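# Report on the structure
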Amino acid sequence: MTATGAGLPFGIDFGGSGIKGAPVDVARGEFATDRVRIDTPDPSTPEAVAEVFASLLAMFPTSDAPVGVTVPGVVVKGVVNSAANIDKHWIGADADRLFTDKTGRDVHVVNDADAAGLAEVRYGAAKGRRGLVIVTTLGTGIGSALVYDGVLVPNSELGHLEIDGHDAEKRAAASSREREDLSWKDWAKRLTTYYRKLEDLFSPELFVVGGGVSKKSEKFLPLIDIDTEIIPARLRNAAGIVGAALYATETSD
Ligand code: BGC
């Protein structure tokens, strides 16, 4: 490893307000240098975002190591197939090809929650856990990653389960607590309904809860009334970048 991170895979976390990236030491699951943040452009079309990725990568030494990018949507073979909380131009975009062309790097796009899930299972809260681990991210929406014996089953999209006639993330994401000014207790009731549904469907060994609000997990995790073990994520806001870089490393040929 060099002090500049040259030669190491790079992770980019594409979020609603910021685009953050850093070279990643995938042996340790850590940033190799400080991460850089650039505001997300508005509108955040794939082309506009690709320009930002190119500028961000240009701040680091030239490298031919792969780049992983998180996207908050379904990703199949590098093509984005849904856009619940992002610019609708993403639907159908061949993101791997667009970003590879724009940056000159070998770019691999991965669902944001899948990246976080991989990182938590490999390095974080669920390290070494076998069986079915479900990692959920509570933010603007609800992201999910299903990981069985350490292997990711991508694009589970469990934030969009229909519960009592509602899209689950509209009722139980962290944004719904803020939007409706819910107390922690009232929000935890909704989360109980949500995680009970996941228990009924999947009988997991463990739930890991990520997303920005997991910093305050002591305020709501103990109030979630379910039978399965449920613990906070450990990598916090590093999970997207680290998971994306790991994904790119394992996906590139
Ligand atoms: C999207 C998922 C994403 C999650 C978290 C959902 O609305 O459909 O793909 O993982 O939000 O960003």
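Structural data are supplied above this passage.
The following paragraphs examine the structure supplied in this document. It should be emphasised that the depicted structure is a prediction, and the values quoted were computed from it without experimental measurement.

What follows is about the site of the ligand. With respect to spatial proximity, the complete set of residues near the ligand consists of Pro72, Gly73, Ala84, Asn85, Asn111, Asp112, Ala113, Ile142, Gly143, Glu157, His160 and Glu169. Between the ligand and the protein, one listed contact pairs an oxygen atom with a side-chain N or O atom of asparagine 85 at 3.1 Å. In this structure, glutamate 169 approaches the ligand through a side-chain N or O atom, which is 2.8 Å from an oxygen atom. Here the ligand, which alone exposes 310 Å², has 93% of that area covered by the protein. Residue composition of the shell around the ligand, by class: 4 nonpolar, 5 polar and 3 charged. Two domains each put at least three residues into the shell around the ligand: domain 1 (10-112) and domain 2 (125-234).

Right, let's get into the pattern of salt bridges. Evaluation of the coordinates by the stated rule reveals 13 salt bridges. Put simply, arginine 97 and aspartate 94 hold a salt bridge, and the shortest N to O gap is 3.7 Å. Relative accessible area serves as the criterion here: at 55%, arginine 97 is assigned to the exposed category. For glutamate 169, the salt bridge is made with lysine 170, and the minimal N-O distance between the two is 3.9 Å. Residue classification places glutamate 169 among the buried residues on the basis of a relative accessible area of 4%. A relative accessible area of 47% places lysine 170 in the partly exposed class. Where salt bridges share partners, they join Asp25, Arg28 and Glu30 into one cluster.

Another point: the packing of helix H1 (residues 46-58) against helix H2 (residues 95-103). Each pair of packed helices can be summarised by the angle the axes make with each other and by the distance between the axes. Running from N to C, H1 and H2 point in directions that differ by 45°, and their axes come no closer than 9 Å. The pairing of H1 with H2 is recorded here as oblique in orientation. Between H1 and H2 lies a crossing whose hand is right-handed. Contacts from Pro46, Glu47, Ala50, Glu51, Phe53, Ala54 and Leu57 in H1 reach Leu98, Phe99, Lys102 and Thr103 in H2. Looking at the contact of H1 with H2 residue by residue, the classes come out as 7 nonpolar, 1 polar and 3 charged.

The next thing to look at is the sheet that holds strand S15 (residues 229-232). The 5 strands lie next to each other as S11-S10-S9-S14-S15, forming an open sheet whose pairing is mixed. Bordering the open sheet on either side are strand S11 (151-153) and S15, each of which pairs with just one other strand. Going across the sheet, the axis of each strand differs from the next one's by a mean of 25°, ignoring polarity. Each of strand S9 (132-138), strand S10 (142-148), S11 and strand S14 (206-210) touches helix H3 (residues 112-122); the most contacted strand, S10, lies at about 45° to it.

The rules behind each value
Residues numbered from 1 in each chain as written. Predicted model: local features only at pLDDT ≥ 70, side-chain atom pairs only at ≥ 80, totals over all residues. Heavy atoms only, no water. Near = heavy atom within 4 Å. Polar contact = N/O pair within 3.5 Å; in protein donor to acceptor, adjacent residues only side chain to side chain. Areas by Shrake-Rupley, 256 points an atom, 1.4 Å probe, with all protein chains shown as cover. Nonpolar A, V, L, I, M, F, W, Y, C, P; charged D, E, K, R; others polar. Domains from an automatic or database assignment. Salt bridge = Lys/Arg side-chain N within 4 Å of Asp/Glu carboxyl O. Buried < 20%, exposed > 50% of the residue type's maximum accessible area, 1.4 Å probe, protein only. Axes fitted to C-alpha atoms, helices over the stretch in contact; angles between N-to-C directions. Helix = DSSP H or I, 4+ residues; strand = E, 2+ residues; numbered from the N terminus. Parallel < 35°, antiparallel > 145°, perpendicular 65-115°, else oblique. Left-handed = near helix turned anticlockwise from the far one by under 90°. Contact = heavy atoms within 4.5 Å. Pairing = 2+ DSSP bridges.

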